[in-house]
Amino acid sequence: MLLIPCPWCGPRDEAEFRYGGQAHVAYPRDPGALTDEEWARYLFFRDNPKGLFDERWNHAAGCRRWFTLTRDTATNEIGGPR
Amino acid sequence: MTRRRAGHEGEVLRFTFDGRPYEGYRGDTLAAALLANGVRKIGTSVTLGRPRGIFGAWTEEPNAVVQIERPFSEPMVQATTIPLYEGLAATGLAGRGRLSPEPDPARYDATHAHCDVLVVGAGPAGLTAALAAARTGARVILADDRFQPGGSLPDTGETVDGRPGSEWALDVAAELVTLPDVRVLSRTSVIGYYDHNYLVAVERRGEDAVTRERVWRIRARRVVLATGAHERPIAFSGNDLPGVMLASAARAYVNRYGVLPGRRAVVFTTGDSAYDAARDLADAGVEIAEIADAREGRLVTGVIGGADDEGVRAVVIGGHEVEADLLLVSGGWNPVVHLFSQSGGELRYDEALAAFVPAGPYAQAVEVAGSARGVFTLAGCLTDGEAAGSGFALPSHPLSGESGSSPPSHPLPDVRAEQLWLVPAEDYSSHFVDLQRDVTVADLQRATEVGLRSAEHVKRYTTAGTAHDQGKTSGTLTSAVIAGILGVGVAELGTTTFRAPYVPVSFATLAGRDRGPLHDPVRVTAMHDWHVSHGALFENVGQWKRPWYYPRPGEDMTAAVLRECRAVRQATGAMDASTLGKIDVQGPGSAELLDRLYTNMMSTLKVGAIRYGVMCRPDGMVFDDGTVIRLALDRFLVTTTTGNAAAVLEWMEEWLQTEWPDLRVHCTSVTEQWATVALAGPGSRDVLAGLAPDLVVDTESFPFMTWRDTEVAGIEARVCRISFSGELAYEINVSWWYGQALWEAIHATGAVTPYGTETMHVLRAEKGYPIVGQDTDGTVTPADLGMDWIVSKKKPDFIGKRSYARSGNARPDRRHLVGLLPEDPNALVPEGTQLVDPAVLVPEGTKLLDPRVIVPEGTPLVDPGVAPEGTQLLDPRVVSEGAQLLDPGAGVPEGRRFVAFVRLPAAPVPMLGHVTSSYRSAALGRTFALALVSGGRDRIGERLYAPVGDRLIPVTVTHHVLYDPEGARRDG
């Protein structure tokens, strides 16, 4: 049970949050200009590193805000909210 | 109680074991009381059926596993951990328990706690750690699984500061309780250690407590693990018989319980601690026949059992037999590193200790103190605990940012470098390493012979260490024996992973209060009481209870639903639609937000008008649908499907917060602010007009897909002209508080039939309206549903648009929503049934061409393309209704040749799609279905087969709109 630092509510149990996957995957500015492969990469391809990973979380059972944090996927150590 | 030491008396408790009555003392465990009564055999082993007795004295016990019969049946409980109570009834097991078919009547609960320091274990190290931590002002929780504090002190009888150790422990525990912010939890087993210093414990509060067991979920800044050590066995022939016992366990029985586990004992040891046990047993009156010290080369090579199946009669040492009824075994000590390992900590094999110990740096803020890290002297444990407890400067920065530190150093006691794990023999088939799983050294040999080289693989191959004792006595021994067979070091081989729970926990405990009606919230509408009192049966839709149908006396579901359907199509029906999700969308960016989220245009919607919309995921697949009502230029009311209400709100928030923070929009759920009644049917206009005298209801003044605010039955209401049945219909929204009043007023007209979700489903399916989540499954686009028209060509972008330009989206074999008409108008094809192309069916053989064969009902007919020459297709209705009536020997009707059977080909059978909805239709006078079929719109008119059980039901593909395709009924 991770202890996740919500930037609005403070540290809370993981059970209050929804995981949002890799952070900084922006919606393409002009999807129509992308090839099928580029669009598929946006839709389906995500990094899966061992180590530091920027990821999105949503405090679904709390303030319902989205935020980004950095987690070490090997140790689950969490950096501060960003 | 013939085997009780003088001076150990107490309150007498009566109990039964295997149906026989016994007596014990309060404070005994079941195992102690059984030994005091001379009971040696407790059960038999799980696969070999060998007699088994009591091997340990606490949670390490692998053998003495019993079924509690009263007060409530509980399987697979260790006799060594059950406190004796009056009336306890237990039976021995053959390695497997029986689940009770009765619900557990006891109460279980859970609680959360936070602390600065959690100390696990109240032995010498844990007590000094807790005291030291508490004296720094820290909030401390001390959790210990025993009935009384002191850990092994009552077992060993050692002294602290010149006083009996158990008295010292009671004093420390008493002092702890007086300190502020200290909580002492006894009979509380910490079962798991999870991320970020989150630990789960189970408190066993006893049979008389209001709550029998309680789960503690504890978040600790720091954890001190003072979990002690377990003695381990040695692998030798017959080391599983009743009467073979860990030396430390025998010592516990004589010192803690005053019970003599035998009369004449042999000691087999690899170290010094067994001599202390032998001394204590001798003091208690057990004759020590011989000590076989492996360090002197004296090995126990066999055990001779009594003819009565009751265990050890003699022990073989170096070729000579020694008469004994008790064999004490000491193969060294394993620090209890389960929780430490679960914390993510690395283990290291210590050659000097011949054991796995914690190795730094630690993964979490945890210290390990005392024998749990290999400190095996009492003095060492006391100072170790104090250092671990007081060494903390309590941090103010976030816990997750801290890194662990190394444990304080401490001199190790002298121990031998060379460790005896097993006694060499020709045959290893009775050298047990895991008593509970009946795994022997011979089994480990077999595993390595087939090529397994890792401890994890051997564990899974042999099941060693997988029993509910979690390998406490077997784990390290198994690793060492495998290493020996493979000729590698124990350090190199390592251990298997330690997993939660550390001790067995019942599902009832983990479930706590989350059972029955408290398992999940139940949501009901404002009209729920009316539905109940009018005999509605309910359907669960998410957490909502929705009226399913309202049977009248004597009606089954089919009859009730057909009646409700007729009422809506021919008169007027009313449905409680309050559970539809409703989201209030406000702000200057509202129209832009909805344009981006829906596939169709919402910004052009006029105030006062309503539009149906579909939302897709970026991959272009349908996610939800519903109506959008424009309340003002900057305000909309969005409805969602009942099950997706929360998901749609989250979806809006996600895009607003993460991609479009520039849009000034607020979204909030108003699902429970509005009660909604769907009034549907050709008579609905008249009913509404009667209830809402201020409302002009003719089609020109109040056209389809518009809304009006008015009063209905004297209640402020918003009336929308929306139809989900194809009939003239209205959705009347009022404040939730007045939902029941509105509903009752509508029914007081006497002109309205209440209908439930089943009728709603039938009516919408007749019109080909899909239900998201039933007719769609996350792989379906609007075009697949035949709704090209709802995908805007004008908008530059919306969520999902780019995906429609994929080549795959234009494939002709995409699954389309189509209608299906079973050729037998009474055949109801179950939802989920797969559909196959007749071309893949295989003829059953020529013998079936015999005209006198009996054709059972529903038998599919061979298609002309695959029919043997001379076969002729029979009218399918003849087959389903009449052909089976043909008598063998009877003549074949004129003009009809008989037919061949067909069957499915060998698997895998190519499937064309599946049935998503299937009903009986009153309006159509027959059954029908909706289905997703590959290239379905190009197959209209084709026959497909639906395999149901042994039958192949022929169905014909049709357009998905089966009723009123012109939409003539919408305006009444």
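Note that the structure is a prediction, hence the values are computed from the model and not measured.

Colleague: I would appreciate a short explanation of the overall build of chain B in the present structure.
Modeller: Counting its regular elements, chain B contains 21 helices and 50 strands. Relative to the 2.2 N^0.38 estimate, which gives 30 Å for 972 residues, the radius of gyration of chain B is 38 Å and therefore markedly larger than a compact globule would have. Projected onto its principal axes, the C-alpha positions of chain B cover 105 × 80 × 55 Å. The buried share of chain B, taken over its 972 residues, is 57%. In chain B, of all internal contacts separated by at least 6 residues, the share reaching a separation of at least 24 is 67%. Here chain B displays about 39000 Å² of accessible surface, and carbon together with sulfur accounts for 51% of that area. If you average the places of the 93 positive and of the 120 negative side-chain charges in chain B, the two averages end up 3 Å apart.

Colleague: Any chance you could explain the interface of chain A and chain B here in plain terms?
Modeller: Bring the parts together and some accessible area is lost; that lost area is often taken as the interface size. Taken together, the contacts link 25 residues of chain A with 27 residues of chain B. Approximately 2300 Å² of surface area, both sides summed, lies buried where chain A meets chain B, with 45% of it carried by carbon and sulfur atoms. Per-residue buried area on chain A facing chain B is highest for A:Met1, A:Tyr27 and A:Arg64; these three make up 28% of the total on that side. The interface formed by chain A and chain B contains six salt bridges. With a closest N to O distance of 2.6 Å, B:Arg219 and A:Asp13 form a salt bridge. Between the two partners, chain A and chain B, sit 17 residue pairs in polar contact (both at pLDDT 80 or more). Of the residues forming the side of chain A that touches chain B, the biggest block, five residues, is contributed by helix α1 (residues 36-44) of chain A. Within the side of chain A that touches chain B, the residues separate by chemical class into 15 nonpolar, three polar and seven charged.

Colleague: Would you take a moment to explain the sheet that holds strand β34 (residues 610-616) of chain B for this structure?
Modeller: In a beta sheet, neighbouring strands are held together by backbone hydrogen bonds and run either parallel or antiparallel to one another. All names here are of chain B. One open sheet accounts for five strands, arranged β34-β35-β36-β33-β37; its pairing is antiparallel. The strands lining the two open edges of the sheet, one partner per strand, are β34 and β37 (666-669). Averaged over all neighbouring strand pairs, the angle between strand axes comes to 25°, with direction disregarded. In terms of strand pairing, strand β33 (residues 581-586) meets strand β36 (residues 635-640) through six bridges, oriented antiparallel. Note that in β36 the partner of Asp584 across the bridge is Leu637. Packed on one face of the sheet, helix α16 (residues 590-597) meets β33, β34, β35 (622-632), β36 and β37 and runs near 30° to β36.

Colleague: So what exactly am I meant to see when it comes to the domain arrangement of chain B here?
Modeller: You can read the domains of chain B as domain 1 (12-103 + 233-330), domain 2 (108-230 + 335-390), domain 3 (420-493), domain 4 (528-579 + 674-766), domain 5 (581-671) and domain 6 (814-958). Here the C-alpha centroids of domain 3 of chain B and domain 4 of chain B sit 69 Å apart.

Colleague: Help me understand the pairing of strand β26 (residues 355-359) of chain B in this model?
Modeller: Looking along a regular strand, one sees the side chains alternate between the two faces of the sheet. Residues and elements named next belong to chain B. Most of β26 is tucked away: five of the five residues are buried. Pairing of strand β25 (residues 346-350) with β26 involves five bridges; the strand directions are antiparallel. Residue Arg348 lies in a different strand from β26, and its bridge partner there is Val357. Between β25 and β26, which follow one another and run antiparallel, lie four residues, and Ala354 among them has a positive phi close to 50°.

Colleague: Explanation requested: the pattern of salt bridges in the structure shown.
Modeller: Side-chain pairing between opposite charges can occur once the charged atoms of the two side chains come close. All names here are of chain B. In the structure shown here, the tally under the stated rule is 55 salt bridges over all chains. Arg204 serves as the salt-bridge partner of Glu213, at 3.6 Å between the closest nitrogen and oxygen. Judged by relative accessible area, Glu213 falls into the buried class, the value being 7%. Of the charged contacts in the structure, one is a salt bridge between Arg295 and Asp272, with a shortest N-O distance of 2.7 Å.

Colleague: Would you mind going over the packing of aromatic side chains with me for this structure?
Modeller: Aromatic ring pairs are described here by two measures, namely the spacing of the ring centres and the angle between the planes. A full pass over the atoms with the stated rule returns 25 aromatic pairs over all chains. Ring plane angle 85° and centroid distance 5.5 Å describe the contact between A:Tyr27 and B:Trp655, whose orientation is recorded as edge-to-face. Of the two residues, A:Tyr27 sits in the loop between β3 (18-22) and α1 while B:Trp655 sits in helix α17 (residues 645-658), which places them in two different chains. We note that A:Tyr27, like B:Trp655, is buried. Among the aromatic residues, those joined into a cluster by ring pairs are A:Tyr27, A:Trp39, A:Tyr42, B:Phe623, B:Trp651, B:Trp655 and B:Trp660.

Colleague: Would you mind going over the packing of α16(B) against α17(B) with me for this structure?
Modeller: To characterise two packed helices, one gives the angle between the axes of the helices and the distance between these axes. All names here are of chain B. The interhelical angle for the contact between α16 and α17, taken along N-to-C directions, is 110°, at an axis separation of 11 Å. If you check the angle between α16 and α17, you find them roughly perpendicular. Between α16, through Leu593, Leu594 and Leu597, and α17, the contact on the second element is made entirely by Trp651, Met652, Trp655 and Leu656. By residue class, the composition of the contact of α16 with α17 is seven nonpolar, no polar and no charged.

Colleague: What am I meant to see in α17(B) here?
Modeller: Residue and element names in this part refer to chain B. For α17, built from 14 residues, the straight-helix expectation of 20 Å at 1.5 Å per residue is met to within 8% by its first-to-last C-alpha distance of 20 Å. Counting buried residues along α17, ten of its 14 residues qualify, which places the element largely inside the surrounding structure. For α17, the set of buried residues is Ala645, Val648, Leu649, Trp651, Met652, Glu653, Glu654, Trp655, Leu656 and Gln657.

Colleague: Looking at this structure, I do not really get helix α6 (residues 273-284) of chain B. What am I missing?
Modeller: In an α-helix, one turn spans 3.6 residues, which is why side chains three or four residues apart end up on the same side. Residues and elements named next belong to chain B. With twelve residues, α6 should reach 16 Å at 1.5 Å per residue; the first-to-last C-alpha distance of 17 Å fits that figure. Packed against the buried residues of α6 are α3 (153-156), α5 (247-256), β18 (264-269), β19 (287-293) and β23 (326-330). Phi for Gly285, located one or two positions after α6, is positive at around 110°.

Colleague: Would you take a moment to explain the confidence of the model for chain B for this structure?
Modeller: Low-pLDDT stretches of the model should not have their predicted coordinates read in fine detail. Residue and element names in this part refer to chain B. Within chain B, residue pLDDT values average 90, and 91% of them lie at 70 or more. Of the regions scoring below 50 in pLDDT, residues 393-417 engages in 51 contacts with residues more than four places distant in sequence or in other chains. Below a pLDDT of 50 lies the segment residues 861-898, which in the model reaches 70 contacts outside its immediate sequence neighbourhood of four places, other chains included. What the predictor reports for the complex is a pTM of 0.87 with an ipTM of 0.97.

Colleague: Sorry, what's going on with the packing of α5(B) against α6(B) here?
Modeller: All names here are of chain B. Their axes nearest at 9 Å, the elements α5 and α6 cross at an angle of 35°. In terms of crossing hand, the pair formed by α5 and α6 is left-handed. On α6, the residues touching Ala247, Ala250, Arg251, Val254 and Asn255 of α5 are Ala274, Asp276, Ala277, Arg279, Asp280, Leu281 and Ala284. Taken together, the residues of the contact of α5 with α6 break down into seven nonpolar, one polar and four charged.

So, how was this worked out
- Residue positions are counted from 1 within each chain, in the order its sequence is given.
- The naming scheme follows written order: chains are lettered A onward, ligands numbered 1 onward.
- For this predicted model, a pLDDT threshold of at least 70 governs which residues receive local features, and a threshold of 80 or more governs which side-chain atom pairs are given and counted, while totals over whole chains, interfaces and linings are taken from all residues.
- Remark: hydrogens and water are excluded; side-chain values derive from all non-hydrogen atoms of the structure.
- Each helix is a run of H or I in the DSSP string that is no shorter than four residues. Each strand is a run of E no shorter than two, and both are numbered from the N terminus.
- It is over C-alpha atoms that the radius of gyration is taken, and the globule rule equals 2.2 Å times the number of residues to the power 0.38.
- When a residue's accessible area, from a 1.4 Å probe over protein chains only, is under 20% of the maximum for its type it is buried; when over 50% it is exposed; and in between it is partly exposed.
- Here, two residues are considered to be in contact whenever any of their heavy atoms come within 4.5 Å of each other.
- Here, Shrake-Rupley sampling with a 1.4 Å probe gives the accessible areas, and only protein chains in the shown set may cover a residue.
- Under the convention used here, Asp and Glu are negative, Lys and Arg are positive, and both His and the chain ends fall outside the count.
- To locate a charge, take NZ of a lysine, CZ of an arginine, CG of an aspartate or CD of a glutamate.
- Summed over both partners, the accessible area (1.4 Å probe) lost when two parts come together is defined as the buried area.
- Just to be clear on terms, a salt bridge is a Lys or Arg side-chain nitrogen sitting within 4 Å of an Asp or Glu carboxyl oxygen.
- Here a polar contact means two N or O atoms within 3.5 Å. Within protein one must be a hydrogen donor candidate and the other an acceptor candidate, and residues neighboring in sequence count only if both atoms are side-chain atoms.
- Residues are grouped as follows: nonpolar covers Ala, Val, Leu, Ile, Met, Phe, Trp, Tyr, Cys and Pro; charged covers Asp, Glu, Lys and Arg; every other residue, Gly included, is treated as polar.
- Should DSSP find at least two bridges between two strands, the strands are regarded as paired.
- A fitted line through C-alpha atoms serves as each axis, taken over the contacting stretch for helices, and the angle formed by two N-to-C directions is quoted from 0 to 180°.
- Residue ranges for the domains trace back to a domain assignment, done automatically or taken from a database.
- Centres within 6.5 Å are what make two rings of Phe, Tyr or Trp a pair, Trp counting through its six-membered ring; a difference in plane orientation under 30 degrees is then read as stacked, over 60 as edge-to-face, and the rest as tilted.
- Relative orientations are named as follows: roughly parallel for angles under 35 degrees, roughly antiparallel for angles over 145 degrees, roughly perpendicular for angles from 65 to 115 degrees, and oblique for any other angle.
- Helix span, expected: 1.5 Å multiplied by one less than the number of residues in the helix.
- A score from 0 to 100, pLDDT tells how confident the predictor is in each residue.
- Each helix crossing is assigned a hand: it is left-handed if the near helix lies turned anticlockwise from the far helix by less than a right angle, otherwise right-handed if that turn is clockwise.

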